[in-house]
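# Structure at a glance
Here are the chains, one letter per residue:
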Amino acid sequence: MTGTAIGESVGARGARSKAFAVLRVRGWAAAVALLPAAVAVILLAGGATGRMSGSGWDTARWTVTVCAVVVLLAAVAVAAVIARAAPALSPTVELPERSAPDLYRLVHDLAERLDVPAPSALALTPDCDSWLEDRTHPAHAISGARRRPGEAPVLVIGSPFLWWMRVAELRAVLGPVVAGTSLAADPDIAAARRFVRGLDAAVADATGPGGRRSIRRPLSLLTGRIARLLLRGCQMHAAEMERWVAAAASERAQGMDYGLRIVAQEQVGLAYAGWDRLLTRVALPAWHMGRWPSRLDAGVVAALTELSRRDRLAEGFTSRLGERPACDLLEEPGTVDEAASLLAARLFHGGPAEAGPDWSPVDWQHYPDEVVDRKWRTEAARIHRVLDELGVPPATGPEGPTLARVIEHLSQRPGGAASDDLAAALTARTAREEAAREPTRAQGRPAVALDGAGDVLALWGGEPLPLFPLQPPRSGRDLLTDHVVAMVCCTAIDTVGAAPGLDWLDGPALLIDGERRADLMAPVLSLVEDGDAQPLRVWLRSLGVRPEKPVRLA
């Protein structure tokens, strides 16, 4: 173990002391494994010198020797499994230097200013976070992402940052992250991290589906139990080590662009809010329709610009847009954005690995017609199919699917009692349709990174997609409300010339005379929750919408 350097930061000393604590756990595990062998050596030596002779000593000698051999063989096997277990690799879009020479130059200049090793490579993640990731494990060669042993870690950058932040802001945000390469090169900290990652990977292998079906299951179960025991012994030290590493990196970068770093951190929070809203309100409806927006990162700028227009707290942030955006550091921003957008769809929705007939990209210009209108008409068709299954008669007037039929059914019993049966039937039918689409979702060749590497999810540990579901389970009445809204919007489009639209913060929107109508939800909720159709009828009359007119379905 290395000594403590004179003049090093408090954070570095704290991180190294906790790394020693982690390595002591590893040392104690090795000592326990060697203890029977040590006792056996003593007994054998005593027998050879004649000091421990007799039948009792002979029995003890052979018993302990056999036990020592078994324990050593088991320890070697467990150590080999832990060493070979592949740590999970974060799903990212690999960014070779030829795709972003200016961004690499910025990061290398930053490392030079901080007097730390430069990251060995850059990668992007469809999230609002940045970190360093060690990719030197031999198993990482499967995805083409492996670095040579001893190389600096890979810098993973949140792709929304590149589009929303300006170049100076990105440099300020990445400063403390890049500063972490200094302690990442420390041999004691690196050894402690490898040990913890190996234990974590061994536990994952033992509990995963592969470990349960393997013919080597007894060894896998033994390794998993030992790894869990060791993890419990060192997890607190490992967590504190990482906190000290972060403190040391922040301390190292403290004097660089301090004022700008405070402003940039505000942009991180704003970017996170806009990204979350864009995924849940805008991207998710498209993914459900088998389309994936191909410019999600560019959409963040539009969403945050709209947020700054509506929210006084965000005022002034759009004035920054005249400065050079960080995405200008990429050679082909559109290609990178498309790759990150497809990866986001896989992670958050579980879509196929590549585009296909049932999984195609859509740009923002065509989003209203190809996603919003199609979504509404699909839901309108579904609610009428369910009404047919329930034996609900058509409404009086022209034949065909009408909004009047839905309103009459939901308002026939007070208190919204009619909503329960319809909501239950809608939920069941939606689940059946989703299950029918599930095999298609899993098809497709592995996703390919910008440099032609393999599947970016190959080393995530075999977890089922989506890895990070965005939408919690919805109630039947929530689903029914969406379908009634869709039916109202289809009727407005077909009778008064309304149009589907896109609201960057709220997703699908109904436009009448070019203006978004945000007052539809309240009357629809009165119908669904209370069985009171009067507020909705008033709303329809105010716009001249005729609910008895048949609508075009998907």
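What follows covers the sheet that holds strand S4 (residues 154-158). In space, the 4 strands of this open sheet follow the order S1-S2-S4-S3, with mixed pairing throughout. Two strands close off the open sheet at either side, each with one partner strand: strand S1 (93-95) and strand S3 (131-133). Across the sheet, the mean angle from the axis of one strand to that of its neighbour is 35 degrees, orientation sign disregarded. Bridge analysis of S1 against strand S2 (residues 121-125) gives 3 bridges, and the strand direction is antiparallel. Directly across from Leu95, in S2, lies its bridge partner Leu122.

Now for the nonpolar core. Ranked by internal contacts, the top residues of the largest apolar core, which has 113 residues, are Leu103, Trp287 and Val484. Top element by residues in this core is helix H10 (residues 258-288). It accounts for 12 residues. Look past the residues within four positions of Trp287 in its chain and what remains in contact with it is Leu279, Trp292, Pro293, Leu296, Ala344, Ala345, Phe348, His349, Trp359 and Leu470. Counting residues in each nonpolar core, the second largest holds 27 residues, with Leu23, Phe195, Val203 and Val245 among its members.

Closest axis-to-axis distance for the H10/helix H13 (residues 367-389) pair is 10 Å, and the angle between their directions is 75 degrees. Comparing their axes, H13 and H10 come out roughly perpendicular. Across the interface between the two elements, Val282, Pro285 and Ala286 of H10 pack against Tyr367, Val371 and Lys375 of H13. A per-class count over the contact of H10 with H13 returns 5 nonpolar, no polar and 1 charged.

Now for the packing of aromatic side chains. One pass over the structure, following the stated rule, counts 2 aromatic pairs. Ring geometry for Trp364 and Tyr367: centres 5.8 Å apart, planes at 45 degrees, overall tilted. Residue Trp364 shares its accessibility class with Tyr367, and that shared class is buried. Here the aromatic rings of Trp364 and Trp504 are separated by 5.0 Å at their centres, their planes lie at 75 degrees, and the arrangement is edge-to-face. With Trp364 in the loop between strand S6 (360-362) and H13 and Trp504 in the loop between strand S7 (499-503) and strand S8 (507-512), this residue pair connects regions lying 140 residues apart in the sequence. Take Trp364: its relative accessible area is 16%, and that puts it in the buried class.

The 3 strands lie next to each other as S7-S8-S9, forming an open sheet whose pairing is antiparallel. At either end of the open sheet lies a strand with only one pairing partner, and these are S7 and strand S9 (515-516). Relative to S9, S8 runs antiparallel, the two sharing 2 bridges. Residue pairing in the sheet places Ile512 in a bridge with Glu515 of S9.

Before going further, it helps to spend a moment on the layout of surface pockets. By volume, the second largest pocket amounts to about 1000 Å³. Every residue lining the second largest pocket is counted, 42 residues in all, and those nearest its centre are Leu132, Glu133, Asp134, Arg193 and Arg197. Where the lining of the second largest pocket is concerned, the elements lending two or more residues are S3, helix H5 (167-179), helix H6 (181-184), helix H7 (187-207) and helix H9 (217-252). Top element by residues in the lining of the second largest pocket is H9. It accounts for 9 residues.

Turning our attention to the confidence of the model for the protein. Averaged over the protein, the pLDDT score is 85; the fraction of residues at 70 or greater is 88%. Here residues 1-7 scores under 50 on pLDDT; set against residues more than four positions off or in separate chains, the count is 10 contacts. A low-confidence stretch, residues 442-449 stays under pLDDT 50, and its non-local contacts, those more than four residues away or across chains, total 16 contacts.

Position of Thr125 relative to the elements: it lies in strand S2. Apart from residues lying up to four places away in sequence, Thr125 is in contact with Pro91, Thr92, Trp131, Val156, Ile157, Gly158, Ser159 and Pro160.

Within S2, 5 of the 5 residues are buried, leaving the element largely enclosed by the surrounding structure. Here S2 shows no split at all, with Ala121, Ala123 and Thr125 on one side and Leu122 and Leu124 on the other all buried. Pairing analysis gives 5 bridges linking S2 to S4, with the strands arranged parallel. What sits directly across from Thr125, in S4, is Gly158.

With that settled, consider unusual backbone geometry. Excluding glycine, residues mostly carry a negative phi; peptide bonds, for their part, are mostly trans. Non-glycine residue Asp115 carries a positive phi angle of around 60 degrees. Relative to the elements of secondary structure, Asp115 occurs in the loop between helix H3 (101-114) and S2.

Let us look at the side chain of Arg135. Counting through the fold element by element, Arg135 comes out in the loop between S3 and S4. Take Arg135: its relative accessible area is 0%, and that puts it in the buried class. Of the polar contacts made by the side chain of Arg135, one reaches the side chain of Thr92; its length is 3.0 Å. At a separation of 2.9 Å, a polar atom in the side chain of Arg135 contacts the side chain of Glu94.

Basis of the calculations
- Residues numbered from 1 in each chain as written.
- Predicted model: local features only at pLDDT ≥ 70, side-chain atom pairs only at ≥ 80, totals over all residues.
- Heavy atoms only, no water.
- Pairing = 2+ DSSP bridges.
- Helix = DSSP H or I, 4+ residues; strand = E, 2+ residues; numbered from the N terminus.
- Axes fitted to C-alpha atoms, helices over the stretch in contact; angles between N-to-C directions.
- Core = buried A, V, L, I, M, F, W, Y, C linked by side-chain atoms within 4.5 Å.
- Buried < 20%, exposed > 50% of the residue type's maximum accessible area, 1.4 Å probe, protein only.
- Contact = heavy atoms within 4.5 Å.
- Parallel < 35°, antiparallel > 145°, perpendicular 65-115°, else oblique.
- Nonpolar A, V, L, I, M, F, W, Y, C, P; charged D, E, K, R; others polar.
- Phe/Tyr/Trp six-rings, centres within 6.5 Å; stacked < 30°, edge-to-face > 60°.
- 1 Å grid on protein atoms, 1.4 Å probe; cavity = no way out; pocket = protein on both sides within 12 Å on 5 of 7 lines; lining within 4 Å.
- Points joined across faces, edges and corners; volume = space filled by probe spheres on them.
- pLDDT = per-residue confidence, 0-100.
- Polar contact = N/O pair within 3.5 Å; in protein donor to acceptor, adjacent residues only side chain to side chain.

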